[in-house]
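Breakdown of the fold
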Amino acid sequence: MKKLISITILILFSFFYSLGQEGSNPCRKSTEGTDFWFGFMESRNYNTNNHYLEFTVTARENTTFTIGIGNQETPYNGTFTVTANSSVQVKIPWNMVEALESETIQDKGIHLVSEKPVNLYALNYDRNSADVAVIYPTESLGKEYFAMCYNVNIHERNDGNYGNGRNSQFLVVATKDSTNVLIIPSKVTDQLVPAGDSIEVVLNKGEVYQVQSKNRNNLSGQGDLTQSYIKSDKPVAFYSGSLATTVPATAGTSAWDHLYEQIPPIHSWGREYYTVPLKSRDEDRYRIIASTDNTTVNITNKNSITLNRGEFTEIVLYSYEPTRIFADKPIMVAQYSQSNRVDGTGDPFMIILSSITQSKNDVTFVAYDSDIIQNYFVNIITLTSEINNLRYDNSAIGNNFKSFPEGDYSYAQMTISPGTHRIYNTNEDRGFLAYVYGYGGVESYGYGVGFNLDLVLDLGESINFNGDTLLLCHGETRTLDAGPYFDSYLWNNGDTTQTLMITSGGEYQVKTKTIDGCDLEDSIFVYMSHPEVELGTEYDDGCDPYAIELDAQEGFDTYLWQNENNDTLSVHQIFTADKTGEYRITTYNKYGCPARDTMNLVVFPVPNIEITGNKLICGEKESELLVNISEAPESVWNYDESFNWYSNDPSLVFSNEEHKKVNLQVTDWGKYEIYYELKTVDGCITGDTFQIQFQPIPTSDFSFVEDPDDECKGYTREVLYTGNATSNGNFYWDYGGARVIDSMDWNQFSVSLGAFNTNPYISLHVEENGCWSLDTFSSRIGANPDFVLETGKARGCDSMLVQFKGKLNIEDDLLFEWDFGDESPISNDK
């Protein structure tokens, strides 16, 4: 909160910058003048006994002044006198001049006219929510503005009413009759004008028009009126800020405060700003708003930001981050002190920073003692080469300065005492910028003390260069704009318009004039950057799968590969293209200028070929093969003589040859390799290979070898394979429970039958080259012994009678084999 309590706190400006020189130069504007129109926005008003409005007049020499309210011709309280290097404070009842509510014309403008130049400061005071603004003279006003406010944080009073429901706000004060004002709010207004709609109002001299956001009860569409646009056909004074809010405006943050700042016209904005942390604070907030589309903003040690006209960004910088903010087009920068619940003592305030082009040479200010503000500070910014030329109360202060991390400037954060102080540069050709601020428990203030509001003619500068050099990328056009604030223009090519469209490099110069005699000129060198990228080919084709490596060459900062639909394909230097389409490369050099090249690739479709059929033909010498053709339209391959069938063996005969099938016939058994080749209309050749076997079916015949001398004829048989399989065949015998006694050649062996199987048979399966025989079966063979074993009663504890009963003649020469496991037999009787 820029807190000033009546007379107790006062910052005085007294600019000793050759009054005669400023008066003789109609281009030079400042905060010092003889004619002022100003007004007060609505503030918190919890206690009418403590709520008042006050303005302070300071002068470098004795003078008188009068005050008018609205369109009244009778001065308020007659004529006032102020002596040299002193001040006069004038209170006005708040209900006479404080704007109330939203979107109504009110006759509450204040007009101050002095005999000689003075400086003017306006204070809107309420308990714990006061704010002060530096007032610009009428000659420093403009016709085009953007509002700078802050986010909404509604504060509910103890009685349940919303004390600051119409939180975000701005105020227009007319200086002439029949002033047409166009207002485009960025958020819905209190009277429900939607964001982006137009408000058109005609104001007469001394009338004010306040616009507030619709914030009561947290309705949708409410919010921050920053970015609201104001344009008039005659000069107006413009103020913006907040009825009361916290910084930041987040849930749980308390310490609301009134924000009240006069906003500089767009024609006085600059491109280079330096931010100095507020001493004793952990961090500060900043807002940056652009006047022109495609404005690039560089912030030390931060990523670049691109803003369009009227767009803003908010950043946080810490106490150890003095920062250079540099843009290629004019911007406005505001610095915010945070609420005491976030950042120690003190409350919010907002300072509109000045660009380095608006510096002053000599400033005197007085800070009166106060029980509410305990700590006073001043931040000073100047060229590093000038720090030893600066004086504070006639003392050198060069050892207080530190260099900014970037740029040619240095800064000082000085603790000061209450009283009158002077800062000046002994080099009359150089100046400085200064900001005074103070903190108490729940009180604070801060605003600039050394700045001009000169009419600026600046054709710009590119971020990439130092000095008045503008970057122009080859193939692009750029508009040089001298600004709408002059009455005549003359370019060095003879053009007499405000803007000049350029397409080539070189030096450009413009001379401008206003009807009141302000003559300015500016020149700029336009550097044409013409990077080139060459892919080496415009067209290529091949049969799928086909790929080509595209190299966009080294030496560029960034690469962007895209297709004909502008889809991003890659961001690397080398890209492999493998599909039909257009491939576009855009490279950017260190200046951000593009180079482009394009090539077209055609990857001809190639069908996928798959021969299908039986790979093993048993017992036959002919077959049919089919072909699956996929992944390509039929028009690509379906034409006469586009296919060919052939084999590795001329004895194989093809018949009924078609695209998708063929008949085969062989004369000999064996393995064959079949080839199929297909040629597309684009000349792409593809195909498939198929291996097939034609094999005989092996037989599974076998016989028993008869031997009349074989005494075991009824119980064993010698088996002989009599089929056509060779030794490469696989034989699968089933003996029905018998067992092989001995094994001879692969096709002959003996098998034990009889007592070891109750249903003796032999069957055989034969496989050779994948072909199988049928089963062969032989029925019962030889004797089938019939006997059982019975056990009788045990004799004692350790023996048992086992009896053999059967149909065999016990007198026969039989062999009995007993098996008692691990036990030895007691007897071995038949």
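These numbers come from a predicted model, not from an experiment.

1. Notes on unusual backbone geometry
- Pro-248 follows Val-247 through a cis peptide bond whose omega is 0 degrees.
- Here Pro-248 is to be found in the loop between β14 (229-245) and β15 (257-262).
- With an omega of 0 degrees, the peptide bond between Asp-544 and Pro-545 qualifies as cis.
- The topology assignment puts Pro-545 in the loop between β38 (539-543) and β39 (548-551).
- Even without a glycine there, the phi angle at Glu-101 is positive, about 60 degrees.
- Tracing the backbone through its elements, the reader meets Glu-101 in the loop between α2 (94-97) and β6 (105-106).
- Even without being a glycine, Asn-301 presents a positive backbone phi close to 65 degrees.

2. A closer look at the confidence of the model for the chain
- Summarising the model, the chain shows a mean pLDDT of 84, and 82% of its residues fall at 70 or more.
- By mean pLDDT, helix α1 (residues 19-24) is the weakest element of the chain at 41, and strand β11 (residues 179-184) is the strongest at 98.
- Contacts of residues 1-23 to residues separated by more than four positions or lying in other chains number 125 contacts, the stretch itself having pLDDT below 50.

3. Some points on the sheet that holds strand β37 (residues 519-529)
- With mixed pairing, the four strands of this open sheet are ordered in space as β32-β37-β36-β34. Whereas interior strands pair on both sides, the edge strands pair on one side only; in this sheet they are β32 (469-473) and β34 (488-491). Neighbouring strand axes in the sheet, compared pairwise and without regard to direction, differ in orientation by 30 degrees on average.
- Pairing of β34 with strand β36 (residues 506-513) involves four bridges; the strand directions are antiparallel. Looking at the pairing, Trp-491 lines up with Val-510 of β36.

4. Some words on the state of the cysteines
- Applying the stated criterion across every chain yields a total of three disulfides.
- Through a disulfide, Cys-473 is tied to Cys-593; the S-S separation comes to 2.0 Å. With the S-S dihedral at roughly -80 degrees, the linkage between Cys-473 and Cys-593 falls on the left-handed side. Here Cys-593 lies in the loop between β43 (581-588) and β44 (594-604) and Cys-473 lies in strand β32, a separation of 120 residues in the sequence.

5. Digging into the packing of aromatic side chains
- Counted by the stated rule, this structure contains 30 aromatic pairs.
- Here Tyr-318 and Tyr-320 contribute two aromatic rings whose centre-to-centre distance is 5.6 Å and whose plane-to-plane angle is 5 degrees, an arrangement assigned as stacked.
- Overall, the relative accessible area of 36% leaves Tyr-318 in the partly exposed class.
- When its relative accessible area of 62% is taken as the criterion, Tyr-320 is described as exposed.
- These aromatic residues form a ring-pair network of at least three members: Phe-38, Phe-40, Phe-55, Tyr-239 and Tyr-260.
- The positively charged end of Arg-422 is found above the aromatic ring belonging to Tyr-424, 3.9 Å away from the centroid.

6. Quick notes on the environment of Leu-455
- Summarising the element assignment, Leu-455 is placed in the loop between β31 (444-448) and β32.
- Here Leu-455 falls in the buried class, since its relative accessible area comes to 12%.
- Along the primary structure Leu-455 and Pro-26 are separated by 429 residues, whereas in three dimensions their C-alpha atoms are 8.9 Å apart.

7. Looking at the sheet that holds β31
- Strands sit in the order β27-β28-β24-β30-β31 across an open sheet of five strands; the sheet is antiparallel. Whereas interior strands pair on both sides, the edge strands pair on one side only; in this sheet they are β27 (402-403) and β31.

8. With respect to the nonpolar core
- Within the largest apolar cluster, 126 residues are counted, with the highest numbers of intra-cluster contacts made by Phe-38, Phe-55, Phe-65, Ile-67, Leu-112 and Ile-380.
- With sequence-adjacent residues up to four places away left out, Ile-67 is seen in contact with Phe-55, Pro-75, Tyr-76, Phe-80, Val-90, Ile-92, Ile-110, His-111 and Leu-112.
- In terms of nonpolar packing, the next biggest core, distinct from the first, is built from 21 residues, Leu-625, Leu-652, Phe-654 and Leu-678 among them.

The rules behind each value
Residues numbered from 1 in each chain as written. Predicted model: local features only at pLDDT ≥ 70, side-chain atom pairs only at ≥ 80, totals over all residues. Heavy atoms only, no water. Helix = DSSP H or I, 4+ residues; strand = E, 2+ residues; numbered from the N terminus. pLDDT = per-residue confidence, 0-100. Contact = heavy atoms within 4.5 Å. Pairing = 2+ DSSP bridges. Axes fitted to C-alpha atoms, helices over the stretch in contact; angles between N-to-C directions. Disulfide = S-S within 2.5 Å. Phe/Tyr/Trp six-rings, centres within 6.5 Å; stacked < 30°, edge-to-face > 60°. Buried < 20%, exposed > 50% of the residue type's maximum accessible area, 1.4 Å probe, protein only. Lys NZ or Arg CZ within 6 Å of the ring centre and 35° of its normal. Core = buried A, V, L, I, M, F, W, Y, C linked by side-chain atoms within 4.5 Å.

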